[in-house]
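# Commentary on secondary and tertiary structure
What follows is each chain in one-letter form.
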Amino acid sequence: MGNASAKAVEAKAVDAAAPSNAEKPKLKPCCACPETKRARDACIIENGEENCGPLIEEHKACMRKMGFNI
């Protein structure tokens with residue numbers, strides 16, 4: 001009987017954790033927004049980071065839209 005209550009507590013803990021997992025992004029940050037990432041990286045290599053502000057911000061906006069906290 002002691003084991004039955006322990007299993008019920010474990011099941012409740014798993015159920016409580018499920019909603020927080022649904023809010024996390026499904027992609028890894030390296031794989032999200034490849035188009036804006038490619039343009040941002042090319043600009044930084046060719047022109048330097050200080051000259052690519054708009055592309056950097058566009059990539060950040062895309063990452064936020066994908067669910068990342070940037």
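Everything numeric here is computed off the predicted structure, so don't read it as measured data.

### Here we look at the packing of helix α2 (residues 34-47) against helix α3 (residues 53-65)
- Contact geometry of α2 with α3 gives a least axis separation of 9 Å together with a crossing angle of 155 degrees. One way to sum up the angle between α2 and α3 is to call them roughly antiparallel. The two elements α2 and α3 meet at a crossing, and its hand is left-handed. Between α2 and α3, the residues in contact are Thr36, Lys37, Ala39, Arg40, Cys43 and Ile44 and Leu55, Ile56, Glu58, His59 and Cys62, respectively.
- Split by residue class, the contact of α2 with α3 holds six nonpolar, two polar and three charged.

### Brief notes about the pattern of salt bridges
- Going through the model one piece at a time under the given rule, you end up with two salt bridges.
- The salt bridge partner of aspartate 41 is arginine 40, with a shortest N-O separation of 2.7 Å.
- In this structure, the salt-bridge partner of lysine 60 is glutamate 57, at a minimum N-O distance of 3.5 Å. Remark: glutamate 57 and lysine 60 occur in helix α3; sequence separation between them is three residues, near one turn of the helix.

### A closer look at α3
- Between its first and last C-alpha, α3 extends 18 Å over 13 residues, near the 18 Å set by a 1.5 Å rise per residue.
- For α3, every residue scored as buried is listed here: Ile56, His59, Cys62 and Met63. Down the axis, α3 shows its buried residues gathered within 125 degrees of arc, on one side only. Along α3, the residues that are exposed and aim more than 90 degrees away from the buried face are Pro54 and Lys65.
- In this structure, the buried residues of α3 make contact with α2.

### Here's the deal with unusual backbone geometry
- Even without being glycine, cysteine 33 reaches a positive phi, approximately 55 degrees.
- By secondary structure assignment, the location of cysteine 33 is in the loop between α1 (2-23) and α2.

### Details of the state of the cysteines
- Under the defined criterion, the tally for this structure stands at two disulfides.
- Across the disulfide from cysteine 43 sits cysteine 52; the S-S distance is 2.0 Å. Taking the sign of the S-S torsion, -90 degrees for the link of cysteine 43 and cysteine 52, the bridge is left-handed. As far as burial versus exposure is concerned, cysteine 43 and cysteine 52 are alike and both buried.
- Sequential numbering of the bridged cysteines in the protein chain gives the disulfide pattern 1-4, 2-3.
- We note that cysteine 31 lacks a disulfide partner, and the nearest cysteine sulfur, in cysteine 30, lies 3.5 Å from it.

Parameters at a glance
Residues numbered from 1 in each chain as written. Predicted model: local features only at pLDDT ≥ 70, side-chain atom pairs only at ≥ 80, totals over all residues. Heavy atoms only, no water. Axes fitted to C-alpha atoms, helices over the stretch in contact; angles between N-to-C directions. Helix = DSSP H or I, 4+ residues; strand = E, 2+ residues; numbered from the N terminus. Parallel < 35°, antiparallel > 145°, perpendicular 65-115°, else oblique. Left-handed = near helix turned anticlockwise from the far one by under 90°. Contact = heavy atoms within 4.5 Å. Nonpolar A, V, L, I, M, F, W, Y, C, P; charged D, E, K, R; others polar. Salt bridge = Lys/Arg side-chain N within 4 Å of Asp/Glu carboxyl O. Expected span 1.5 Å × (residues − 1). Buried < 20%, exposed > 50% of the residue type's maximum accessible area, 1.4 Å probe, protein only. Arc of directions from axis to C-beta. Disulfide = S-S within 2.5 Å.

Function cannot be read off these values alone, since they describe shape.
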